[in-house]
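# Residue-level structural notes
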Amino acid sequence: MLDPKHLHLMIASDTNYAEFVSVVTTSLFANNRDVFDKITVHLFSNGIIPECVEKIRLTIPQDKGELITYDIRDISGRLGVNAAGETMNICSYARLLLTEYVDEEISRIIYVDCDVVITGSLYEMWNTELCDNLVAGVLDAHMDAKPKTAIGMPDNYPYVNAGVLLINIDEWRREDIIDKFKTFILKYNGNVYHQDQGLINGVCSGRIKILGPEYNMTSYFFSHPHKLLKQFNNPFYTEEELESAKADPVIIHFTEGFLGRPWVRHCKHPYGYKFLEFHNSTPWREVPLRDDKRSLPLKVTSWIFLNMPYSFYEAILRLMNIIKRNR
C-alpha cells in the first residue's frame, strides 16, 4: 500500500559512478528532507567498494533517510542478456529485476540514473495516480523514428526516457513483468534497440503514463528548439510546457549531447552550476573536473550547433538522416 510520505528511490551504480550517486542523494535530501517523513534509497550495487558505499551513506541524514544496498553482479545471466564487461549495461538492466529484490510491501519506486540532480519536490510525482499503468515517465527527445520502429511500437504511442521512471511495482508483480522482459529479449535475439530503454518501452507499450517534462529535463530540451523536437517526436509537449519546465525543473538529467556534462571541463549546460553546488557538499568535493572525451564528430557537431546559424545545423541534420536511411 502506498505511503504518500515515505519515498522509495532507486539508483544503480558501480564504483566508478559512486561519486555521482552521492550528488543525487545530496540533492535529493536538500530538496525533499522536509517534504517526506522518510526517504529510503535503494542502491543496486555492481561491486561498489565498501569505502564508497560509506561515503554515499554520509550524504543521507540518519533522522530522515536510510540506505539499502543490493548486489546485482549476476543480473545479466538472470535476464539472459550478455552484458558481461559492460558495466553500465548491468546497472541499467538492474531495474528490470527489481521485483526480485525489493520488499513485497513496496508498491512503487522512483528510479533515477546517476547523472541527475534533484532540484525540487518529488511529492507530486511520488503520489501520481498510476491506475494499471506499468510505468510513468517523461517523453524522450530523439531525432529520428528508429527508437519506436525498431521495437514495433506505433508512431503515436508515448516513448519515454528511461533515466527517470515512476515504476508501478504492484503491477509489475501482477503481470510477471520479468518473464515479459525475457520474452522480449528473445524476440529480438538479445539485441533490443536502446537496450534497457527499448525493453521498458516495448514491454510497457500502451500502459505508460506521461509525466510533465520537469521531472526529467534531458539536455536536448535545453539545446534544441521546440519546433525541431516536435518534428521528430509524437506525442510531445507544447512549447509552453517545455519553457515552464526549463524555468523550474524538478529533475535535471545531464545526458550526453552538445552542451557537455557539468563534471567535464567547458560544460555549456545552463544548470551545470547546480551539479557543482551539490558536488561541493559530497565526500568527493576535491575531485577535479574531467577532460572532454567525446568523439571528434560530436565535438565538431556541437561547435557548429553552438556557434553557427541554426539553419546550418539543420542542413547537416537532414544530410545525416539521409545517410542513415540509405545505409
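Residues numbered from 1 in each chain as written. Predicted model: local features only at pLDDT ≥ 70, side-chain atom pairs only at ≥ 80, totals over all residues. Heavy atoms only, no water.

### What about the overall build of the protein chain?
Selection rule: Labels follow the DSSP assignment, with helices taken as runs of H or I lasting at least four residues and strands as runs of E lasting at least two, numbered in each case from the N terminus. Throughout, the radius of gyration refers to the C-alpha atoms, and the reference size of a globule is 2.2 Å times the residue count to the power 0.38. The classification of residues rests on relative accessible area computed with a 1.4 Å probe and restricted to protein chains. Under 20% of the type maximum is buried, over 50% is exposed, and intermediate values are partly exposed. Should any heavy atoms of two residues lie within 4.5 Å, those residues are considered in contact.
Along its length, the protein chain carries 15 helices and nine strands. For the protein chain, the C-alpha radius of gyration of 19 Å lies close to 20 Å, the compact-globule estimate for 327 residues. For the C-alpha atoms alone, the extent of the protein chain along its principal axes is close to 55 × 45 × 40 Å. Classification of the 327 residues of the protein chain by burial places 55% in the buried group. Contacts in the protein chain between residues at least 24 apart in sequence constitute 79% of all its contacts with a sequence separation of at least 6.

### Considering the environment of Ala141
If you trace the backbone, Ala141 turns up in the loop between strand S6 (135–139) and helix H6 (146–149). When its relative accessible area of 8% is taken as the criterion, Ala141 is described as buried. Residues Ala141 and Asn234, spaced 93 residues apart in sequence, show a C-alpha to C-alpha distance of 9.7 Å. In this structure, Ala141 is in contact with Tyr220, Phe221, Leu229 and Asn233, ignoring residues within four places of it in sequence.

### Points about the packing of aromatic side chains
Where we set the bar: Centres within 6.5 Å make a pair out of two Phe, Tyr or Trp rings, where for Trp the six-membered ring is used; the pair is then stacked when the planes are under 30 degrees apart, edge-to-face when over 60, and tilted otherwise.
If you walk through the whole model with that rule in mind, you get 16 aromatic pairs. Measuring from centroid to centroid gives 6.0 Å for Tyr70 and Tyr101, while their planes differ by 80°, and the two rings are edge-to-face. Here Tyr70 is found in strand S3 (residues 65–71), whereas its partner Tyr101 is found in the loop between helix H4 (87–93) and strand S4 (108–112), with 31 residues between them in sequence. In this pair, the class of Tyr70 matches that of Tyr101, namely buried. Relative to Tyr273, the ring of Tyr271 has its centre 6.2 Å away and its plane inclined at 25°; by these criteria the two rings are stacked.

### Some remarks on the packing of helix H1 (residues 18–32) against helix H13 (residues 272–279)
Spelled out, the test is: Interaxial angles span 0 to 180 degrees and are taken between N-to-C directions of axes, which are lines fitted to C-alpha atoms, for helices over the stretch in contact. Any angle that is under 35 degrees is reported as roughly parallel, and any over 145 degrees as roughly antiparallel; angles of 65 to 115 degrees are reported as roughly perpendicular and all others as oblique. Residue type decides the class: Asp, Glu, Lys and Arg count as charged, Ala, Val, Leu, Ile, Met, Phe, Trp, Tyr, Cys and Pro as nonpolar, and the leftover types, Gly among them, as polar.
Between H1 and H13, the least distance of the axes is 9 Å, while the angle of their chain directions is 95°. Comparing their axes, H13 and H1 come out roughly perpendicular. Contact residues: H1 offers Glu19, Phe20, Val23, Thr26, Ser27, Ala30 and Asn31, while H13 offers Phe275, Phe278 and His279. Residues of the contact of H1 with H13, tallied by class, amount to five nonpolar, four polar and one charged.

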